[in-house]
Amino acid sequence: MAWMIKEGIYSVGVQDWDRRLFDELIPLPDGTSYNSFIIKGSEKTALIDTVDPTMKDELLDNISKVEVDGIDYIIANHAEQDHSGCLPLILGKYPGSKVVTNDRCKEYLMDLLQIEDDRFILVKDRETLSLGDRTLEFIITPWVHWPETMVTYLKEDKILFSCDLFGSHLATSDHFVTDKKQAYQSAKRYYAEIMMPFRQMIKGHMQTLAEYDIDMILASHGPFYDDPRFILDAYEKWLSDEVNNKVVIPFVSMHGSTKEMVDHLVGLISDRGITVKPYNLTKTDLGDLASELVDCATIILATPTVLGGPHPAAVYATYIVGALKPKALYASIIGSFGWGGQTKEKIISLLGGSKMEFIDPVIVKGSLNKDSKKALKKLADAIFAKHEENDLVKKR
Ligand code: FEO
């Protein structure tokens, strides 16, 4: 379906209602969309990004419904295939068209899609391209979400085409945000999974974007924002160093001993006025867990010892925590073992360069007993003291 956003500006992207996994990694409970746009100027027409190649027919059909003589420019904000995958198809259909992008993105597009050198027009940061009565400005914004990413600003209409940045994996027929709660949760989940590792870089990009007068943000996944402050304010909160009075406990338990410890610790932390969220790793949706990591102050990994180290489900979760780089301040480990192992050392090693401060772990032999309860109380007290030190507890 092609849909006119305003005179001369059309949405020609597609909703992927059924997709349930992205990059063979990220669960998509609400599907996703690949948003693509046509901008008609008085002299030239531009297509902003394409769609995932699995939906090429829908893209062509949508473009055919917009009355354009041809496509002169295809703006490639990002080389990942969910936006660039149909470039060869569009270039073939419109032989006079050129891909407009930055030098790094060009390199990736040539590597990934074998696009010929003479089909590119290269632009630099803040460079503009005239469509006649409309002007595109390109802002180079590395790491949202690959090193080559950029965003495009349509000056006269004050529209930011932000590609992955500010996106959400949410298929919707509504075009613009209507259900703010759902849009917020989807955007937060997306931020956690895609953008959080690049938090410091994005902070810089936010400062750059603050220079622009933006009436509308059209990202390349999810609903459009006709109230840009909705998503800009959310990003400012998520990107800030501020954490909530919250402990997240990703856990796995084989025979119940570690689960007993988790349940006991949940009670102790809750009694101290701290929000606590345990996530059973055998049942948890990765995106739900990632969303909680966006603003929690403390992460406690809970695992039994198996084959001399943490349970593989805990290894996976620890790796994800290390890769997503949440801004949490503190971490610890709890768990049960039968005859020894190196659970603590292996988890710490997996977290690698994390800046989180480690609170003494509680790794005990066997099931919950008097001594392990005492150790867990000490851990809960230490967490409370750290949260209080950071002025978090009273914020509840
Ligand atoms: Fe939506 Fe990084 O691609």
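Description of the structure in this document. (Residues numbered from 1 in each chain as written. Predicted model: local features only at pLDDT ≥ 70, side-chain atom pairs only at ≥ 80, totals over all residues. Heavy atoms only, no water.)

**Let's talk about the overall build of the protein chain**
In step 1: Assigned secondary structure in the protein chain consists of 12 helices and 24 strands.
In step 2: Principal-axis analysis of the C-alpha atoms places the extent of the protein chain at approximately 80 × 40 × 35 Å.
In step 3: Counting the 396 residues in the protein chain, one finds 57% classified as buried.
In step 4: In the form shown here, the protein chain has an accessible surface area of approximately 17,000 Å², with 50% of it arising from carbon and sulfur atoms.
In step 5: Positive and negative charge centroids in the protein chain, built from 45 and 58 side chains respectively, lie 9 Å apart. (Helix = DSSP H or I, 4+ residues; strand = E, 2+ residues; numbered from the N terminus. Buried < 20%, exposed > 50% of the residue type's maximum accessible area, 1.4 Å probe, protein only. Areas by Shrake-Rupley, 256 points an atom, 1.4 Å probe, with all protein chains shown as cover. Lys, Arg positive; Asp, Glu negative; His and termini not counted. Charge placed at Lys NZ, Arg CZ, Asp CG, Glu CD.)

**Points about the pattern of salt bridges**
In step 1: One pass over the structure, following the stated rule, counts 25 salt bridges.
In step 2: Taking the shortest distance from any N to any O, the salt bridge between D117 and K106 comes out at 2.5 Å. With D117 in the loop between α4 (103–113) and β11 (120–122) and K106 in helix α4, this residue pair connects regions lying 11 residues apart in the sequence.
In step 3: Look at D117 and you get partly exposed, because its relative accessible area is 45%.
In step 4: Ionic pairing is found between R229 and D233, a salt bridge with its closest N-O pair at 2.8 Å. Taken together, the positions of R229 and D233, both in helix α7 (residues 228–239) and four residues apart, correspond to about one turn of that helix.
In step 5: A relative accessible area of 40% means that R229 is categorised as partly exposed.
In step 6: Connected through salt bridges with shared partners, the residues K188, K246, K277, E292 and D295 form a single ionic network. (Salt bridge = Lys/Arg side-chain N within 4 Å of Asp/Glu carboxyl O.)

**Things to note about helix α10 (residues 312–324)**
In step 1: Relative to the 18 Å expected for 13 residues at 1.5 Å per residue, α10 spans 18 Å between its end C-alpha atoms, a close match to the ideal helical length.
In step 2: Among the residues making up α10, those that are buried are A314, A317, T318, I320, V321 and L324. An end-on view of α10 places all buried positions within 160° of arc, on one side of the element. Exposed residues pointing more than 90 degrees away from the buried face of α10 are listed as P312 and Y319. (Expected span 1.5 Å × (residues − 1). Arc of directions from axis to C-beta.)

**Notes on the packing of helix α8 (residues 257–271) against helix α12 (residues 370–389)**
In step 1: One way to put it is that α8 packs onto α12 with a least axis distance of 9 Å and a crossing angle of 40°. The angle between α8 and α12 places the two elements in the oblique class. You can see that α8 and α12 cross each other, and the crossing is right-handed. Touching M261, H264, L265, L268 and I269 of α8 are K373, L376, K377, L379, A380 and I383, all from α12.
In step 2: For the contact of α8 with α12, the per-class residue count stands at eight nonpolar, one polar and two charged. (Axes fitted to C-alpha atoms, helices over the stretch in contact; angles between N-to-C directions. Parallel < 35°, antiparallel > 145°, perpendicular 65-115°, else oblique. Left-handed = near helix turned anticlockwise from the far one by under 90°. Contact = heavy atoms within 4.5 Å. Nonpolar A, V, L, I, M, F, W, Y, C, P; charged D, E, K, R; others polar.)

**Observations concerning the sheet that holds strand β12 (residues 128–130)**
In step 1: The strand order β12-β13-β14-β15-β16 describes an open sheet built from five strands, whose pairing is mixed. The sheet terminates laterally at β12 and β16 (216–219), the two strands that pair on one side only. Strand after strand, the sheet turns through a mean of 20° between neighbouring axes, direction not considered.
In step 2: Examined bridge by bridge, strand β14 (residues 150–154) and strand β15 (residues 159–163) share three bridges and lie antiparallel to one another. Across the sheet, residue Y153 finds its bridge partner in β15, namely L160. (Pairing = 2+ DSSP bridges.)

**Some words on the packing of helix α6 (residues 199–209) against α7**
In step 1: Their axes nearest at 10 Å, the elements α6 and α7 cross at an angle of 140°. Classified by the angle between their axes, α6 and α7 sit oblique to one another. Between α6 and α7 lies a crossing whose hand is left-handed. Of α7, the residues touching α6 (which contributes R199, I202, K203 and M206) are L232, Y235, E236, W238 and L239.
In step 2: Taken together, the residues that form the contact of α6 with α7 break down as six nonpolar, no polar and three charged.

**Details of the nonpolar core**
In step 1: Counting 83 residues, the largest nonpolar core has I63, L109, L165, F166, M195, I202 and Y235 as the members making the most contacts within it.
In step 2: Other than its neighbours up to four places away in sequence, L165 contacts V144, V151, M195, I202, L209, A219 and Y235. (Core = buried A, V, L, I, M, F, W, Y, C linked by side-chain atoms within 4.5 Å.)

**Considering helix α11 (residues 343–351)**
In step 1: T343, I347 and L351 are the residues of α11 that are buried. On an axial view of α11, the arc spanned by its buried residues comes to 65°, and they lie on one face.

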